[in-house]
Amino acid sequence: MNMIYILFSLMFGGAILTFLAHKVSGLLRDILFVLTILASTVLFYTKIHTGDAVDFSISGLPLQWGINAYGRIFSLIVLGLGVMASFYSVSYMKGKERLGYFYFNFLISLISMMGILMSHDLVSFFIFWEMMTWSSYFIVIYNGKHVQRSGINYILFSALGAYAMLMAIVMVYAHTQSLMIQDMMQAFPFFPVAYKVWLPILFLTAFGVKAAMMPLHVWAPDAYSDSPMAYTSVFSGALSKMGIYGMIIVFVTMVNYLPDDTWFRETIAWLGAITAIMGTLWAIAQDDARKLLAWSSVAQLGYIITGVAVGTPLAMLSALFLSVMHALFKGTLFMAVGAIEKQTGTTKFNEVTGLIRKMPWTFISSLLAIIALAGIPPLGGFVGKWMLYESLINSNHYILVIAIFFASTSAFLYCYKFLFGFFLGQEEKEWEQVKEAPALMVLPMLIMATLLLVFGVFPGIVLNPIDLGMQTLGFSTTAGTFWSMSGLFNEWGNQVMLQPLVYAIGGTFLFFLILLTVKGFKETRYVTTKDISSSGEVPLEHENLTFSEGFYQPFLRAVWPVMKRRMMSYYQGFGQGMEAFFDYLRRVYSGNGQTYAIYVLVFVVILLLFKNSLFG
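Residues numbered from 1 in each chain as written. Predicted model: local features only at pLDDT ≥ 70, side-chain atom pairs only at ≥ 80, totals over all residues. Heavy atoms only, no water.

> Tell me what's going on with the overall build of the chain, and back it up with residues and numbers.
A count of helices and strands for the chain gives 24 helices and two strands. Only carbon and sulfur atoms are counted for the fraction: they give 67% of the accessible area of the chain, which is about 27200 Å². (Helix = DSSP H or I, 4+ residues; strand = E, 2+ residues; numbered from the N terminus. Areas by Shrake-Rupley, 256 points an atom, 1.4 Å probe, with all protein chains shown as cover.)

As structure tokens, this is what we get:
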């Protein structure tokens, strides 16, 4: 049997057995869950090679599954995060209900993402896309939080994207009589002009929903924050990349063939920049770490969308590199928040603080992830953002680079809020008994945080497979030459001349670590936020004086004119208008026979008056 069949049989079989094992033994269920993901990952990377494919047909429709170098880039994200999240989930979800249901949908979502990456035909692609949507929807509503808001918004926007994709597939089949993605790519330059415009719009609507591109982003903050943290690392880090995966295909195979693609690229590039800016501003305004990271995910995807839309080799290189980095640092941070929630029962900055001594490994993981997210060397986020800035400057997008730089520098505010809020603030007596999270939760965080450092110092580890994927998309090879595409790599690059900077930063960090450690051994009197006085008055117990209360208010007041118009209000207004319209239209059906007779008479008169123009 072909290894691709075995892979999907293993994953589907493992999902079903995990679900059934929940009725028998919790330990057996957990083992089957982790083993299914581990075995699938090992099988994929040892037995399924780039270029492998299998052909079959269903009801006369020829289908094909396989993997190419481009899909393999994203498989690293899906399976890599899947493995890390599987170990994390076993510990985080311990003691919760309906775990058979949760693990089953977790596995189905991973299967669906791998199916999308391995689909060479549009039918398989669409089926796996819908499986991914529904399995993730069932996890979004797992906790029962804000189901009417987060769950319904997610499924409604996903349905909008699905219908757009289905319309595009029908149009492709009507013109090519084929459902193969390769045939669509080859035939697209010869499509009518109307098809060349509408197909990218329809596909980008579908992919833009999953990539949380504004104005299609409104589902993401609630869905990310309401999902169990054991899954949100995959949700934000991997599932959102399916939208990026599709968007890149559209830009490379469709937008390039538009009669004038400049307007199209500029529109999507600016939507990406607006997504980055607004996502950042809303992240700064949050007092709950779940919400902060959810909005931050939207913002970080905005950078990637901008790189994809600009579309130069360096911009595409940066977009794909940032996709991998985003999966790592956002996966780490969501896991860190989950660990804090597990140990303290809250994710609010104004409720828990001063955890650096209580949860040191979680702090170190969070620190490295935050440094990468902020784009500070020597971690991987710096390399990706530098390439993005340089690609924008080289392509004369000077205003766009200012917008992206504003979003990136503003992100420092919520990065600081996250670190200081949870770890560096005042220790409180009510959290004296808090301990570090279990090893199965800490280890995945530390591994991913370490990879951020490794890929920042040795970016070629990631850039080389990205180069092979870009060749699959039609880009010229950049292997051995992508270092010359950027001033960053000319200076440091493949020769790792970044080492002096790494040593300097590492030495500084080590110095302050030793200083703070030695200081910590000295006898220190700790006071709570209540053990102070203000203007001769002692604050009452109910008065919250933590730094998070009203944090960044001057900044938020300054940008409030930009933030006050939320996109959701426009969607709600549209929905209310449609409801009123249909309510009015419903009056047509009065149930009165004489009224219906008048309708028929009017219809006949219209036909008689316009019979020549209607029927010739």
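After presenting the structure, the write-up continues.
> Before we move on, can you summarise the confidence of the model for the chain with the specific residues and values?
For the chain, per-residue confidence averages 84 on the pLDDT scale, and 86% of positions sit at 70 or higher. A low-confidence stretch, residues 491–496 (pLDDT under 50), is modelled with ten contacts involving residues beyond four sequence positions or located in other chains. (pLDDT = per-residue confidence, 0-100. Contact = heavy atoms within 4.5 Å.)

> Mind laying out unusual backbone geometry, listing which residues take part and the relevant values?
Omega for the peptide link from Met214 to Pro215 comes to 10°, which places this bond in the cis form. Among the structural elements, Pro215 can be located in the loop between helix H8 (193–210) and helix H9 (220–226). You will see that Arg98, though not glycine, has its phi angle at about 55°, which is positive. Inspection of the secondary structure puts Arg98 in the loop between helix H3 (69–92) and helix H4 (99–118). Arg98 sits in the partly exposed class, given a relative accessible area of 41%. The phi angle at Ala212 is positive, at roughly 55°, despite the residue not being glycine. Within the fold, Ala212 resides in the loop between H8 and H9. Relative accessible area serves as the criterion here: at 0%, Ala212 is assigned to the buried category. (Buried < 20%, exposed > 50% of the residue type's maximum accessible area, 1.4 Å probe, protein only.)

> Quick rundown of the packing of aromatic side chains? Include the residues and the values.
What characterises a pair of aromatic rings is the spacing of the ring centres plus the angle enclosed by the ring planes. For the structure on display, the rule yields 45 aromatic pairs. Here the guanidinium or amino end of Lys96 rests over the ring plane of Tyr92, the centre of that ring lying 5.5 Å away. One Lys or Arg, Arg98, reaches over the ring of Tyr101 and ends 5.0 Å from the middle of that ring. (Phe/Tyr/Trp six-rings, centres within 6.5 Å; stacked < 30°, edge-to-face > 60°. Lys NZ or Arg CZ within 6 Å of the ring centre and 35° of its normal.)

> Go over the packing of helix H13 (residues 313–344) against helix H18 (residues 460–472), please, and point to the residues and values.
Two elements in contact, H13 and H18, have axes separated by 10 Å at closest approach and are oriented at 125°. Between H13 and H18, the interaxial angle falls into the category oblique. Remark: the crossing between H13 and H18 carries right-handed chirality. Contacts between H13 and H18 involve Pro313, Met316, Leu317, Leu320, Phe321, Val324 and Met325 on the former and, on the latter, Val462, Leu463, Ile466 and Met470. Taken together, the residues that form the contact of H13 with H18 break down as eleven nonpolar, no polar and no charged. (Axes fitted to C-alpha atoms, helices over the stretch in contact; angles between N-to-C directions. Parallel < 35°, antiparallel > 145°, perpendicular 65-115°, else oblique. Left-handed = near helix turned anticlockwise from the far one by under 90°. Nonpolar A, V, L, I, M, F, W, Y, C, P; charged D, E, K, R; others polar.)

> If you had to explain the side chain of Asp226 to someone new, which residues and values would you point to?
Looking at the secondary structure, you find Asp226 in helix H9. The exposure class of Asp226 is buried, given its relative accessible area of 4%.

> An account of the packing of helix H12 (residues 289–310) against H13 is needed here, citing residue identities and associated values.
Where H12 contacts H13, the axes come no closer than 9 Å and their chain directions differ by 175°. Overall, the two elements H12 and H13 adopt an arrangement that is roughly antiparallel. The class makeup of the residues in the contact of H12 with H13 is 16 nonpolar, six polar and three charged.

> Describe the pattern of salt bridges, naming the residues involved and giving the relevant values.
Applying the stated criterion across every chain yields a total of five salt bridges. With a shortest N-O distance of 3.7 Å, Asp288 and Lys348 are connected by a salt bridge. Residue Asp288 is found in the loop between helix H11 (262–284) and H12, and its partner Lys348 is found in the loop between H13 and helix H14 (360–374); the two are separated by 60 residues along the sequence. (Salt bridge = Lys/Arg side-chain N within 4 Å of Asp/Glu carboxyl O.)

> So what about the environment of Leu258? Which residues, and what values?
Mapped onto the elements, Leu258 comes out in the loop between helix H10 (229–253) and H11. By relative accessible area, which is 6% here, Leu258 ends up buried. Residues Leu258 and Pro200, 58 residues apart in the sequence, show an inter-C-alpha distance of 9.5 Å. When sequence neighbours within four positions are dropped, the list of residues in contact with Leu258 reads Lys196, Val197 and Phe264.

> Break down empty space enclosed by the protein for me, with residues and values.
Empty space left among the atoms is revealed by rolling a probe the size of a water molecule over them. Under the defined criterion, the tally for this structure stands at two cavities of 30 Å³ or more. For the largest cavity, the calculated volume is near 100 Å³. What lines the largest cavity is Leu122, Phe125, Ile181, Met184, Phe203, Phe207, Gly246, Ile249, Val250 and Met254. Sorting the residues of the lining of the largest cavity by element identifies helix H5 (122–140), helix H7 (181–187), H8 and H10 as the ones contributing at least two each. When residues of the lining of the largest cavity are assigned to their parent elements, the largest contribution, three residues, is made by H10. A per-class count over the lining of the largest cavity returns nine nonpolar, one polar and no charged. (1 Å grid on protein atoms, 1.4 Å probe; cavity = no way out; pocket = protein on both sides within 12 Å on 5 of 7 lines; lining within 4 Å. Points joined across faces, edges and corners; volume = space filled by probe spheres on them.)

> So what's going on with the side chain of Ser318? Which residues, and what values?
Inspection of the secondary structure assignment puts Ser318 in helix H13. Those residues in contact with Ser318 that sit more than four places away from it in its chain are Gly384, Met387, Leu388 and Ser391.

> Report on the pairing of strand E1 (residues 53–58), specifying residues and quantitative values.
Two strands pair when backbone bridges link them, and E1 and strand E2 (residues 61–66) are joined in this way by six bridges, in the antiparallel orientation. For Ala53, the partnering residue across the bridge sits in E2 and is Gly66. Here E1 folds back onto E2 in antiparallel fashion, the turn holding two residues, of which Ser59 has a positive phi close to 55°. (Pairing = 2+ DSSP bridges.)

> An account of the nonpolar core is requested, with residue identities and associated values reported.
Counting residues in hydrophobic clusters, the biggest one holds 195 residues, and the most contacted among them are Phe74 and Phe418. Excluding residues within four positions of it along the chain, Phe74 makes contact with Leu117, Lys241, Met242, Ile244, Tyr245, Ile248 and Leu320. (Core = buried A, V, L, I, M, F, W, Y, C linked by side-chain atoms within 4.5 Å.)

> Mind laying out the environment of Gly243, listing which residues take part and the relevant values?
Along the chain, Gly243 turns up in helix H10. On the accessibility criterion, Gly243 (0% relative accessible area) is buried. Once the C-alpha coordinates of Gly243 and Phe207 are considered, the two residues, 36 residues apart in sequence, prove to be 4.2 Å apart. Residues within four places of Gly243 in sequence aside, it is in contact with Trp129, Phe207, Lys210 and Ala211.

> Give me the lowdown on a positive patch on the surface, citing residues and values where you can.
On the surface, Lys94, Lys96, Lys145 and Lys342 cluster together to form a positively charged patch. Relative to the helices and strands, Lys145 is located in the loop between H5 and helix H6 (147–176). In this structure Lys145 comes out as partly exposed when scored by relative accessible area, which is 35%. (Patch = residues over 30% accessible without salt bridge, like charges linked within 9 Å, V, L, I, M, F, W, Y side chains within 5 Å. Lys, Arg positive; Asp, Glu negative; His and termini not counted. Charge placed at Lys NZ, Arg CZ, Asp CG, Glu CD.)

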